[in-house]
Amino acid sequence: MSELAAANPQEMKVAVMLADIALVLVAGALLGRLARRLRQPAVVGEITAGILLGPSLLGLLPGDLTERLFPVDVRPLLSAVSQVGLVLFMFLVGWEFERRLIRPHAGLAAGISVSSIAVAFGLGFALAVVLHPHHSTVAGHEIPFSAFATFLGTAMSITAFPVLARILSENNLLGTRVGSLSLASAAIDDVLAWCLLAYVSALVASDGDYADLARIGALSLAYVALMVLVVRPLAARLTWRLAAAERWTLLLSLLCAGALASAWLTTWIGIHAIFGAFFFGLVMPREPATLLVQHVRRPVDNVSTVLLPVFFIVTGLGVDLGALTGGDVVALIAIIAVACAGKLIGAVVPARLAGMSWRDTRDLGLLMNTRGLTELIILNAAVSLGVLDGRMFTMLVVMALVTTAMAGPLLSRRPAPGQDRDDSAPTPVEPAADLDRLRT
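Residues numbered from 1 in each chain as written. Predicted model: local features only at pLDDT ≥ 70, side-chain atom pairs only at ≥ 80, totals over all residues. Heavy atoms only, no water.

1. Concerning the overall build of the protein
When you go through the protein residue by residue, the secondary structure sums to 20 helices and 2 strands. The proportion of buried residues among the 440 residues of the protein is 51%. Of the contacts formed within the protein by residues at least 6 apart in sequence, a portion of 83% connects residues at least 24 apart. Per element, the accessible surface of the protein, about 18,800 Å² overall, is 67% carbon and sulfur. (Helix = DSSP H or I, 4+ residues; strand = E, 2+ residues; numbered from the N terminus. Buried < 20%, exposed > 50% of the residue type's maximum accessible area, 1.4 Å probe, protein only. Contact = heavy atoms within 4.5 Å. Areas by Shrake-Rupley, 256 points an atom, 1.4 Å probe, with all protein chains shown as cover.)

2. A word on helix H18 (residues 390–405)
Helix length check: H18 (16 residues) gives 23 Å between terminal C-alpha atoms against 22 Å at 1.5 Å per residue, within 8%. Counting buried positions over the 16 residues of H18 gives 12, a clear majority of the element. Among the residues of H18, Met392, Phe393, Thr394, Met395, Leu396, Val397, Val398, Met399, Ala400, Leu401, Thr403 and Thr404 are the ones counted as buried. (Expected span 1.5 Å × (residues − 1).)

3. What about unusual backbone geometry?
Most peptide bonds adopt trans geometry, and most residues besides glycine take a negative phi value. Phi at Glu246 is positive, roughly 55°, even though this residue is not glycine. The residue Glu246 is located in the loop between helix H11 (210–244) and helix H12 (248–269) in this model. Of the residues examined, Glu246 reaches a relative accessible area of 57% and is grouped as exposed.

4. What to know about the packing of aromatic side chains
Using the criterion set out here, one finds 7 aromatic pairs in the structure. Measuring from ring centre to ring centre gives 5.7 Å for Phe91 and Phe280, while their planes differ by 40°; the resulting arrangement is tilted. Here Phe91 is found in helix H5 (residues 75–95), whereas its partner Phe280 is found in helix H13 (residues 273–282), with 189 residues between them in sequence. We note that Phe91, like Phe280, is buried. Between Phe125 and Phe145, the ring centres sit 5.6 Å apart and the planes meet at 85°, which makes this aromatic pair edge-to-face. Taken as a pair, Phe125 in helix H7 (residues 106–131) and Phe145 in helix H8 (residues 145–157) lie far apart in primary sequence, 20 residues in all. Its relative accessible area of 33% is what places Phe125 among the partly exposed residues. (Phe/Tyr/Trp six-rings, centres within 6.5 Å; stacked < 30°, edge-to-face > 60°.)

5. Brief notes about the packing of helix H3 (residues 42–52) against H18
Across the interface, H3 lies against H18 with an axial gap of 10 Å and an inter-helix angle of 155°. When the axes of H3 and H18 are compared, the pair comes out roughly antiparallel. As H3 packs across H18, the resulting crossing turns out to be left-handed. Here Val44, Ile47, Thr48 and Ile51 of H3 come into contact with H18, specifically with Val397, Leu401, Thr404 and Ala405. The class makeup of the residues in the contact of H3 with H18 is 6 nonpolar, 2 polar and no charged. (Axes fitted to C-alpha atoms, helices over the stretch in contact; angles between N-to-C directions. Parallel < 35°, antiparallel > 145°, perpendicular 65-115°, else oblique. Left-handed = near helix turned anticlockwise from the far one by under 90°. Nonpolar A, V, L, I, M, F, W, Y, C, P; charged D, E, K, R; others polar.)

6. Some points on a positive patch on the surface
A grouping of Arg33, Arg36, Arg37 and Arg166 is seen on the molecular surface, where their side chains present a positively charged patch. If one sorts the elements of the positive patch by residue count, helix H2 (residues 9–37) sits on top with 3 residues. Among the structural elements, Arg37 can be located in helix H2. By relative accessible area, Arg37 is classed as exposed at 64%. (Patch = residues over 30% accessible without salt bridge, like charges linked within 9 Å, V, L, I, M, F, W, Y side chains within 5 Å. Salt bridge = Lys/Arg side-chain N within 4 Å of Asp/Glu carboxyl O. Lys, Arg positive; Asp, Glu negative; His and termini not counted. Charge placed at Lys NZ, Arg CZ, Asp CG, Glu CD.)

7. As for the pattern of salt bridges
Taken as a whole and judged by the stated rule, the model has 4 salt bridges. When the shortest N-O distance is used, the salt bridge between Asp328 and Arg391 registers 2.8 Å. With a gap of 63 residues between them, Asp328 in helix H15 (residues 326–353) and Arg391 in helix H18 connect regions that are remote in the sequence. The salt bridge involving Asp363 is made with Arg362; its shortest N-O contact spans 3.7 Å. Its relative accessible area of 0% is what places Asp363 among the buried residues. Overall, the relative accessible area of 38% leaves Arg362 in the partly exposed class.

8. Here's the deal with the packing of H15 against helix H16 (residues 358–368)
Two quantities define a packed helix pair, namely the angle between the helix axes and the distance between the axes. Running from N to C, H15 and H16 point in directions that differ by 145°, and their axes come no closer than 8 Å. Crossing of H15 against H16: the hand is right-handed. Judged by residue contacts, Lys343, Leu344, Ala347, Val348, Ala351 and Arg352 of H15 engage Trp358, Thr361, Leu364, Gly365, Leu366 and Met368 from H16. Tallied by class, the residues present in the contact of H15 with H16 amount to 8 nonpolar, 2 polar and 2 charged.

9. Details of a nonpolar patch on the surface
Side chains of Leu226, Val228, Leu229, Val230 and Leu234 sit close together on the surface and give an oily, nonpolar patch of about 420 Å² of accessible area. Within the element layout of this structure, Leu229 appears in helix H11. Overall, Leu229 belongs to the exposed group, its relative accessible area being 63%.

10. With respect to the side chain of Glu375
With respect to the helices and strands, Glu375 occurs in helix H17 (residues 372–385). For the buried Glu375, no salt bridge exists, and the shortest N-O distance to an oppositely charged side chain is 4.4 Å, to Arg371. Each residue touching Glu375, except ones within four places of it in the same chain, is listed here: Ala155, Ile158, Met399 and Ala400.

11. Overview of the side chain of Ser182
Note that Ser182 resides in helix H10 (residues 177–206). The exposure class assigned to Ser182 is buried, which follows from its relative accessible area of 0%. When residues no more than four places from it in sequence are discounted, the contact partners of Ser182 are Leu164, Leu168, Leu364, Leu367 and Met368.

12. Overview of the environment of Ala15
On the secondary structure map, Ala15 appears in helix H2. For the pair formed by Ala15 and Val74, sequence separation is 59 residues and the distance between their alpha carbons is 9.6 Å.

13. Some points on the confidence of the model for the protein
Here the protein averages 81 in pLDDT, and 88% of its residues register 70 or above. The least confident element of the protein, judged by mean pLDDT, is helix H20 (residues 431–439) at 41; the most confident is H15 at 91. Across residues 416–440 the pLDDT falls below 50, and counting only partners more than four positions away or on other chains, this stretch makes 39 contacts in the model. (pLDDT = per-residue confidence, 0-100.)

Here's what the structure looks like:
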């Protein structure tokens, strides 16, 4: 084996990467199943699996197992695989953004979303004043307070739309008023959060040069115009034509290629790749709804589901709980407290002013406080941009895990499905309706 490794080092790197992916899939599946038994979304178990396989646990055992299983020269390959899964996932997040979810509660959802983001962002920005002096240098590079504070505020503002939908389903809240309202608010929250991330990316990429920042801003506006005015109508026309001809494989290939190309374009502009993938999904056609779900969205979702656990291990390799000092533990408690307070206060106040009951407003605040995978995406983007050091990254990952895990056990018990429903929630489209539209 050693002679083979010496003769074909690149092949051995790929072989180790494949073995690592196999290990990650098994660990993620096992801990994801355990999480569901504990009334937690599977993503909590998958995130935990990534942390346990990293230096926080496995790396503490004799033999430096983390380094043996995930060698430094293999990690770039794992990161590349995880980025493909991440881009496809963000494409789906943008595509699954449904305006019809927002319409029944548009005013209140917008108020809750803006309020929860504003309060959380403001508290995060204020906390940055205390934390920045201790985390102002990353890899020898000085991080401006504006970039650090804006990012920390953004991290506090996140609500994980995909995880939220799973929690609602598992707690019989889909279709209830609090469920549909939280989904609508989280959808708006997601769009605003990605815009904030795009701004932070541009701020870091410009390195304080206002001329460069203006250039990135102008190119970003041109990108948005291109997507809305050119790509959106072309994608709609192409989708209907290929759907009518039942050329699903070609449509699937073209849409995935578009998501990857859009991610490359936003990276070239100076904003993060995930924004490009998300925005490409945002401008995609939603009709014929059921056929697109069956032939396009579901296959893409299956691929991203297989690749995303690799993202968790890449994240876990950067989390080192043993590196936290006593002062960091105090900072971690403050981060969790600020994160919870920002979302709970920001969501509860407008909901109560709108006449919602205390039970519903409490549940709404807990739901809006879930961060999950979306937070990890933001945090990894910040690491790639050089905004976070290892200790701050570790603390924010723990915060994401805690705020996501606390929602399920604290939510009110609800009646079985079919009761306490929200009649204004949108109803699914039947496949026959899609086929009839295609024929006409």
